[in-house]
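Structure at a glance
Listed here are the chains, written in short residue letters.
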Amino acid sequence: MAVALLMIGRPAVGETNATGWVDGHNSRARLLFGGRPGPDGEIERFAGIEIVLPPGWKTYWRQPGSAGGIPPALDWSGSANLTNAVLYFPPPSRFVDSTGHTIGYKKSVVLPVRLKVTDPTRPVDFDLKIFFGVCREICIPAEASFRTTIHPRQFMHWPPALSQAVGSLPVSSVNSNQDPLVPTVQRIIPVARSDGDRALMVDVRFPGGTSGADLFAERGDGMGLAMTEAVARPATDVIRFRLPVTSAAEWAKLGETGIVLTIVSDRAASTVRRPRP
């Protein structure tokens, strides 16, 4: 299997909060980093993996969709003065072609990584590898590597692209500001047919408008579920989605793990965890 390998990116001249761009197979990437004051007054530290793709190419969300793909994964084990690094995902889009449905991003995306520093007074020697997939018709594994030193003063800056990516995250993942226009789940209705097929009907209200509305579902243990389908419009700002449950075993598992729903629209996005009815 072919692998698209990106070279190591180092800090670019004149860009104190970004590495230089590195090129791979139909993709280029760089690393952003910065910080902002958190609700408790402490500095929230982030990196951002910016990936740019040519027209027609895409990369994947944490669940790639029914057509398959390679979700992003991080290796930061070579870093020093870093306790943890958690990858977050901006709202994705659904793409449909002859291979089926995929979930991800086209053109460009900044994937925020929240950093927990061991000693805030010392620099972070950041050694990061990200593994991801790029696809036009066939998914190609890719790897980007970055090694850079981030000094404490550099976490006092907040690059606009990183700020926008963190600000776009579905409500309740990282950003806690409650926006009255974010979409919300109104109810989840279990449906069983005589042939044994089961599904969940999920009514979602989009107070900011239904443009770009979609719903993506996962089990509470992080495993993906089938793609949803919009099947009805109970009200002007409400869409009913059908979530198929593919087997009795999966139905039982959902009773243990619950369901994580990521709701997106052009206006806002949210994520919620609910028990299976």
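As a convention, each chain's residues are numbered from 1 in the sequence order in which they are written. At least 70 in pLDDT is required for a residue's local features to be given in this predicted model, at least 80 for side-chain atom pairs to be given and counted, and no such filter applies to totals for whole chains, interfaces and linings, which use all residues. Excluded from the side-chain calculation are hydrogens and water; included are all heavy atoms of the structure.

Working definition: helices are DSSP H or I runs of at least four residues, strands are E runs of at least two. Numbering for both runs from the N terminus. For the protein chain, the helix and strand inventory stands at two helices and 19 strands. Computation of the radius of gyration draws on C-alpha atoms, with the globule rule given as 2.2 Å multiplied by the number of residues to the power 0.38. Relative to its length of 277 residues, the protein chain is compact, with a C-alpha radius of gyration of 20 Å against a globular reference of 19 Å. Its C-alpha atoms give the protein chain principal-axis dimensions of roughly 65 × 45 × 35 Å. The contacts of the protein chain with a sequence gap of at least 6 include a subset with a gap of at least 24, amounting to 64%. If you sum the accessible surface of the protein chain, you get close to 13200 Å²; carbon and sulfur atoms cover 52% of it. Separation of charge centres in the protein chain, based on 30 positive and 25 negative side chains, amounts to 2 Å. Any two residues whose heavy atoms approach within 4.5 Å are treated as being in contact. The accessible surface values rely on the Shrake-Rupley method and a 1.4 Å probe; as for residues, cover is taken only from the protein chains in view. We treat Lys and Arg as the positive residues and Asp and Glu as the negative residues; His and chain ends play no part in the count. Taken as the charge centre is NZ of Lys, CZ of Arg, CG of Asp or CD of Glu, depending on the residue.

This part covers the pairing of strand β18 (residues 259–264). One face of the sheet, then the other: side chains in a regular strand alternate in exactly this way. With respect to burial, β18 is a largely interior element, six of its six residues being buried. Criterion used throughout: strands pair if DSSP finds at least two bridges between them. Examined bridge by bridge, strand β15 (residues 214–219) and β18 share six bridges and lie antiparallel to one another. When the bridges of β18 are listed, aspartate 214 appears paired with valine 264. Counting the residues between successive antiparallel strands, the hairpin from β18 to strand β19 (residues 269–274) contains four residues. Here the term buried applies to any residue with accessible area under 20% of the maximum for its type, exposed to any over 50%, and partly exposed to those in between, with areas from a 1.4 Å probe on protein chains only.

With eight bridges joining them, strand β14 (residues 198–205) and strand β17 (residues 238–245) adopt antiparallel strand pairing. Across the sheet, methionine 201 pairs through a bridge with arginine 242, a residue of β17. Alignment of strand β16 (residues 229–235) against β17, held across four bridges, turns out to be antiparallel. Looking at the pairing, alanine 232 lines up with arginine 240 of β17. Connecting β16 to the next strand, β17, in antiparallel fashion are two residues.

With that settled, the discussion passes to the sheet that holds β19. Reading across from one edge, β15-β18-β19 is the order of the three strands in this open sheet, with antiparallel pairing throughout. Of all strands in the sheet, those with a lone pairing partner are β15 and β19, marking the two edges. Direction aside, neighbouring strands of the sheet carry axes that sit 20 degrees apart on average. Comment: axis = line fitted to C-alpha atoms, over the contacting stretch for helices; angle = value between 0 and 180 degrees taken between N-to-C directions. Sheet strands touched by helix α2 (residues 248–257): β15, β18 and β19. Its angle to β15, the strand with the most contacts, is close to 85 degrees.

Turning next to the confidence of the model for the protein chain. pLDDT measures how confident the predictor is about each residue, on a scale from 0 to 100. For the protein chain, mean pLDDT is 90; residues scoring 70 or higher make up 92% of the total. Averaged pLDDT values over the elements of the protein chain bottom out at 50 in strand β1 (residues 4–5) and peak at 98 in β15. Within the model, the stretch residues 7–15 combines pLDDT values under 50 with 24 contacts to residues more than four positions away or in other chains.

A few words on the pattern of salt bridges. The rule for a salt bridge is simple: a side-chain nitrogen of Lys or Arg has to be within 4 Å of a carboxyl oxygen of Asp or Glu. Scanning the model with the defined rule gives 13 salt bridges in all. As a salt-bridge pair, arginine 36 and glutamate 44 come within 2.7 Å of each other at their nearest N and O atoms. For arginine 36, a relative accessible area of 22% translates into the label partly exposed. The exposure class assigned to glutamate 44 is buried, which follows from its relative accessible area of 10%. In this structure, arginine 205 engages aspartate 237 in a salt bridge whose closest nitrogen and oxygen atoms are separated by 3.0 Å. Taken together, the residues arginine 205 in strand β14 and aspartate 237 in the loop between β16 and β17 connect sequence positions 32 residues apart. Take arginine 205: its relative accessible area is 32%, and that puts it in the partly exposed class.

What follows concerns α2. Along α2, the residues that are buried comprise Glu250, Trp251, Leu254 and Thr257. Looking straight down α2, one finds that the buried residues subtend no more than 130 degrees of arc, so they occupy a single side. Residues of α2 that are exposed and point over 90 degrees away from its buried face: Ala248, Ala249 and Glu256. Contacts made by the buried residues of α2 are with β13 (184–192), β14, β15, β17, β18 and β19. This arc describes the spread of directions from the helix axis toward the C-beta atoms.

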